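# Coordinate analysis (summary)
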Amino acid sequence: MITRRHLFKLLVVVAVVVAAVIVYRSLGRYTWEEVRISVAAIPLSNLLSAFGFVIASYVCLSGFDWLAVRYAGKPLSFPRTLLASFTALSIGHNVGMAALSSGAVRYRFYSRWGLSPEQVAKVIVFCGFTVAIGLEMLAGIALLSSPNGRGDMLGLSGTASVVLALVILSLPGSYLIICWRVRRSLVIGRWSFDPPPLRLALGQVVVGTLNFACVAGAIHQLLLAVSEVRFLEVATAYVTSNIAALISHVPGGLGVLEATMLGLLPASGTIGALVAFRVLYFFVPLLIGVPTLIASEAYFRRRQTPLTEQTAA
């Protein structure tokens, strides 16, 4: 009989295998010479600053989990949420279907630290809301702050850009109002949601926005090596391409992210910057996350073995 525990173990194994295949197939789209030339064309200072933004993004992502475990009623230390979040998302970002792939990895960590399956589910839902809030906030801010009030990146007039920005920003605004005023579960059909306390909701707005701003910052630093593109243009293009990647469910948004960014930011050498970004944001964390997951599995297994032997004795 296949139990829930066995199912999650199987999902973890599948996630690791798929991640390895993704790395092989993704790099196979480019020759090593193309990758080398693309990266070599970017100054070391830009690469280092971009990687700094990548690190900052993953720190923000661990903030998602730090807030989420408090929402679930099982606070954990930041080092623990950092370990679980980074390992889960370094794999989930590449495998795709992040709620399932990274959720399986999160379950492996959090269940060992005392969270029930229901609490882990709350963590996953909370983090999903934070992703949506962050995208909405950055999109709204970018549209409102576009030069001369024009949403020219999306082919919008000044008025349409402002109206769209206000509509987008009204979503996280409404969410904050609900978290402030509503003290009961919201039920829509068979789906229910317990609004978090306002302080946690405000934390979602802050870390969610900072995370996507850091990702856009990383891309911006790499693109500056080949063009004079503005940060707000990159932010608007990134939000658009990220939404397209999420809708497509393609692992890691592979191809979708690049195609959308290239369509919105046409410039000679842009593909080189995007290849470098994919290496820094997706592949480097994956090459750290997979061994970390394997090592943690071995560590927890060794810890459980003496306890099992002691119980048997």
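Described in the following lines is the structure provided in the data block. The shown structure was predicted, so the numbers you read here are calculated from the model rather than taken from an experiment.

Scoring rules and cut-offs
- Residues numbered from 1 in each chain as written.
- Predicted model: local features only at pLDDT ≥ 70, side-chain atom pairs only at ≥ 80, totals over all residues.
- Heavy atoms only, no water.
- Helix = DSSP H or I, 4+ residues; strand = E, 2+ residues; numbered from the N terminus.
- Contact = heavy atoms within 4.5 Å.
- Areas by Shrake-Rupley, 256 points an atom, 1.4 Å probe, with all protein chains shown as cover.
- Axes fitted to C-alpha atoms, helices over the stretch in contact; angles between N-to-C directions.
- Parallel < 35°, antiparallel > 145°, perpendicular 65-115°, else oblique.
- Left-handed = near helix turned anticlockwise from the far one by under 90°.
- Nonpolar A, V, L, I, M, F, W, Y, C, P; charged D, E, K, R; others polar.
- Salt bridge = Lys/Arg side-chain N within 4 Å of Asp/Glu carboxyl O.
- Buried < 20%, exposed > 50% of the residue type's maximum accessible area, 1.4 Å probe, protein only.

Further remarks concern the overall build of the protein chain. Within the protein chain, the regular secondary structure consists of 11 helices and two strands. N-terminal to C-terminal, the α/β element order of the protein chain is α-α-α-α-α-α-α-β-β-α-α-α-α. Pairs at least 24 apart in sequence give 70% of the contacts found in the protein chain among residues at least 6 apart. Surface exposure of the protein chain reaches about 15,400 Å², of which carbon and sulfur atoms provide 69%.

Turning our attention to the packing of helix α3 (residues 44-71) against helix α4 (residues 78-95). Their axes nearest at 8 Å, the elements α3 and α4 cross at an angle of 120°. Compared by their axis directions, α3 and α4 come out oblique. Crossing handedness for the pair α3 and α4: right-handed. Across from Y58, V59, L61, S62, G63, D65, W66 and V69 in α3, the residues of α4 making contact are F78, T81, L82, S85, F86, L89, S90 and H93. Classifying every residue of the contact of α3 with α4 by side-chain character gives nine nonpolar, six polar and one charged.

A few words now on the pattern of salt bridges. By the definition in use, this model includes five salt bridges. A salt bridge links E297 to R108, with the nearest nitrogen and oxygen atoms 2.9 Å apart. In this pair, E297 is assigned in helix α11 (residues 270-312) and R108 in helix α5 (residues 98-112), connecting sequence segments 189 residues apart. Each of the two residues, E297 as well as R108, counts as buried. Between R112 and E297 there is a salt bridge, with the nearest N and O atoms lying 3.0 Å from each other. Here E297 lies in helix α11 and R112 lies in helix α5, a separation of 185 residues in the sequence. Taking the relative accessible area as the measure of exposure, R112 reaches 23% and is therefore partly exposed. Here the salt bridges share partners, and the residues they tie into one network are R108, R112 and E297.

Geometric values such as these leave the question of function open.
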